[in-house]
Amino acid sequence: MKSVIIGSGVLAVAVGLGVYTWQTTTAASDPCGNTTVAGAAIGGPFELVSETGETVTDRDVITKPTLVYFGYTFCPDVCPLDSMRNAIAADILADQGVDIGTVFISVDPARDTPQVVGDFTDNFHADMIGLTGSPDQVRAASQAYKTYYRAVEGDPEYYLVDHSTQTYLMFPDTGFATFFRRDTPAEQVADITACFAGQLG
């Protein structure tokens, strides 16, 4: 499996009872111009509930190069901006003849019903897939992708959720390719995704 990214640094992600540290190193010779992520296998099987109420697995929703993002619909700013960025990247690629998927996985199953996540994703892209599930299903998916989330104590209805904000580029056969930080512009997401699609698609 090939994985590369831009720049270098360390990303620490708390998952469950452990803390995963991703060391990113520059891969100057890589034609896609991204950096290698070491320290944890990212991605894996999951079973969640789609916006149509159907139980689906990772194989059902990752059928082509796919941008996968974990967030929640009550998120005041980060999740809408990241989801719009991913949708714009998908549209840029569509104009180039590159077909990718976009997936939004809720980390707030208590409030994010299938209809709620469906209404949310419809705001950004007609083909964006919204997923939710039981707390156990969401926790298992989050752990597979090494993401972090935690509901902030306070108002039982209008609480916020702290969560990871990276977007993953996944392929149906080879799995994880790279991740994008939230400050990566849509054009760069599209360029790097197109490069990987040309290599791995």
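Here the structure is shown first, and the text comes after it.
Figured I'd write up the structure that's included with this text. Remember, predicted model here, so these are calculated numbers, not experimental data.

### Concerning the state of the cysteines
According to the stated counting rule, one finds one disulfide in the structure shown. Note that Cys32 is cross-linked by a disulfide to Cys195, the S-S spacing being 2.1 Å. Every disulfide takes its handedness from the sign of the S-S torsion; for Cys32 and Cys195 that torsion is -90 degrees, giving left-handed. Linking Cys32 in the loop between β2 (18-26) and β3 (35-38) with Cys195 in helix α5 (residues 186-200), this pair joins segments that are 163 residues apart in sequence.

### Brief notes about the nonpolar core
Residues Phe46, Val68, Phe70, Ile105, Leu131, Tyr145 and Tyr168 are the most contacted members of the largest nonpolar core, which totals 32 residues. Elements that contribute at least two residues to this core include exactly β6 (66-71), α2 (78-95), β7 (101-106), α4 (135-144), β11 (167-171) and β12 (175-180). In terms of nonpolar packing, the next biggest core, distinct from the first, is built from 15 residues, Ala89, Ala90, Ala177 and Ala190 among them.

### Section: empty space enclosed by the protein
Counted according to the given criterion, the structure contains one cavity of 30 Å³ or more. Taken together, Leu67, Tyr69, Ser83, Asn86, Thr102, Val103, Phe104 and Met128 form the lining of the largest cavity. Of the residues forming the lining of the largest cavity, the biggest block, three residues, is contributed by β7. Partitioning the lining of the largest cavity into residue classes produces five nonpolar, three polar and no charged.

### A look at the side chain of Ser164
Counting through the fold element by element, Ser164 comes out in the loop between β10 (161-163) and β11. Judged by relative accessible area, which is 11%, Ser164 ranks as buried. Only 2.8 Å separates the side chain of Ser164 from the backbone nitrogen of Tyr148, close enough to count as a polar contact.

### A closer look at α2
End to end, α2 covers 26 Å across 18 residues, agreeing with the expected 26 Å (1.5 Å per residue, within 8%). Those residues of α2 that fall on the buried side of the exposure criterion are Val78, Cys79, Asp82, Ser83, Arg85, Asn86, Ala87, Ala89, Ala90 and Leu93. Immediately beyond the C-terminal end of α2, within one or two residues, lies Gly97, with a positive phi of roughly 85 degrees.

### Details of the sheet that holds β6
Within the open sheet, the seven strands sit side by side as β5-β4-β8-β7-β6-β11-β12. Their pairing is mixed. Only two strands of the sheet have a single partner each, and these edge strands are β5 (55-57) and β12. Shown here is a sheet whose adjacent strand axes are inclined to one another by a mean of 35 degrees, direction ignored. Strand direction decides the pairing type here: β11 and β12, joined by five bridges, are antiparallel. In the sheet register, Phe171 faces β12, and the bridge partner there is Gly175.

Quick notes on the rules
- Residues numbered from 1 in each chain as written.
- Predicted model: local features only at pLDDT ≥ 70, side-chain atom pairs only at ≥ 80, totals over all residues.
- Heavy atoms only, no water.
- Disulfide = S-S within 2.5 Å.
- Helix = DSSP H or I, 4+ residues; strand = E, 2+ residues; numbered from the N terminus.
- Core = buried A, V, L, I, M, F, W, Y, C linked by side-chain atoms within 4.5 Å.
- Buried < 20%, exposed > 50% of the residue type's maximum accessible area, 1.4 Å probe, protein only.
- 1 Å grid on protein atoms, 1.4 Å probe; cavity = no way out; pocket = protein on both sides within 12 Å on 5 of 7 lines; lining within 4 Å.
- Points joined across faces, edges and corners; volume = space filled by probe spheres on them.
- Nonpolar A, V, L, I, M, F, W, Y, C, P; charged D, E, K, R; others polar.
- Polar contact = N/O pair within 3.5 Å; in protein donor to acceptor, adjacent residues only side chain to side chain.
- Expected span 1.5 Å × (residues − 1).
- Pairing = 2+ DSSP bridges.
- Axes fitted to C-alpha atoms, helices over the stretch in contact; angles between N-to-C directions.

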